[in-house]
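Architecture and fold: a report
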Amino acid sequence: MSEASTLPPLGAAGRLLERIAHLAIAIAATALFGLVVVQGWQVFARYVINDSPSWTEPVTLLLLSTAMSLGAAAGVHTNRHFGFYLLHDHVRPAVRRGIDLLVPLVIAAIGAVIAWWGALLLLDGLHIKAAGAAMPQSINYLPLSIGGALMVVFAFNRFALALRPRVEEEVR
């Protein structure tokens with residue numbers, strides 16, 4: 001038998017973060033599907049009906065930004081994004097614990113910078129109309145800012161979980 005280390009069950013805050021992460025994944029997946037539809041229409045309109053719509057490029061960029069930002073944030077929540085996994089797996093347990101505490105702080109700092117600058121860039125360009133679409137030019141920074149903020153929240157949750165003592169249990 002080998003021993004595995006697991007975390008205690010989720011509380012109400014953990015369940016809320018799970019729901020937020022699932023929502024982020026659902027929105028990112030919907031954005032990817034929308035990206036396929038919009039680009040499919042672009043190709044059809046350009047090569048079949050010879051009338052290329054101008055709105056497809058800005059909408060594609062918005063959908064791509066949404067999928068990327070929210071997908072990255074959900075990856076932080078599930079511990080599948082931003083990590084030093086090779087290093088983590090080849091060091092002593094005491095060093096592993098230090099890595100488990102340091103990585104979420106680095107992620108939170110990066111997420112905070114992304115959220116802050118994304119929000120500033122969004123606000124800075126709200127008055128400029130995007131070429132080809134009836135939306136602000138800076139709208140692409142909205143999902144970036146939201147994704148960065150979610151990265152901060154999810155990283156602090158990972159930090160809090162890393163501080164908790166692990167429950168040892170047997171795995172058969």
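Quick look at the structure, then.

Cut-off values and rules
Residues numbered from 1 in each chain as written. Predicted model: local features only at pLDDT ≥ 70, side-chain atom pairs only at ≥ 80, totals over all residues. Heavy atoms only, no water. Helix = DSSP H or I, 4+ residues; strand = E, 2+ residues; numbered from the N terminus. Buried < 20%, exposed > 50% of the residue type's maximum accessible area, 1.4 Å probe, protein only. Axes fitted to C-alpha atoms, helices over the stretch in contact; angles between N-to-C directions. Parallel < 35°, antiparallel > 145°, perpendicular 65-115°, else oblique. Left-handed = near helix turned anticlockwise from the far one by under 90°. Nonpolar A, V, L, I, M, F, W, Y, C, P; charged D, E, K, R; others polar. Contact = heavy atoms within 4.5 Å. Core = buried A, V, L, I, M, F, W, Y, C linked by side-chain atoms within 4.5 Å.

1. Let's talk about unusual backbone geometry
- Positioned with a positive phi, Asn50 is a non-glycine residue whose angle comes to about 55°.
- Mapped onto the elements, Asn50 comes out in the loop between helix 1 (12–47) and helix 2 (56–77).
- By relative accessible area, Asn50 is classed as exposed at 68%.
- Positive phi, close to 65°, is recorded for Asn79, a residue that is not glycine.

2. Considering the packing of helix 1 against helix 2
- One can describe the packing of helix 1 onto helix 2 by two numbers: an axis separation of 8 Å at closest approach and a directional angle of 155°. Overall, the two elements helix 1 and helix 2 adopt an arrangement that is roughly antiparallel. For helix 1 against helix 2, the interelement crossing comes out left-handed.
- Across the contact of helix 1 with helix 2, the residue classes break down as 17 nonpolar, 8 polar and 1 charged.

3. Structural notes on the side chain of His77
- By secondary structure assignment, the location of His77 is in helix 2.
- The buried category is assigned to His77, whose relative accessible area is 13%.
- Other than its neighbours up to four places away in sequence, His77 contacts Leu17, Glu18, Ala21, Phe154 and Asn157.

4. Comments concerning the nonpolar core
- Core analysis: the largest hydrophobic core is formed by 16 residues, its most contacted members being Val76, Ile107, Leu150 and Phe154.
- At the level of secondary structure, the elements contributing two or more residues to this core comprise helix 1, helix 2, helix 4 (93–124) and helix 5 (141–163).
- One finds Leu35, Val38, Leu63 and Ala67 within the second-largest nonpolar core, a separate group that totals 5 residues.

5. So, the packing of helix 4 against helix 5
- Running from N to C, helix 4 and helix 5 point in directions that differ by 160°, and their axes come no closer than 7 Å. In terms of orientation, helix 4 lies roughly antiparallel with respect to helix 5. As for how helix 4 packs across helix 5, the hand of that crossing is left-handed.
- By residue class, the composition of the contact of helix 4 with helix 5 is 23 nonpolar, 4 polar and 3 charged.

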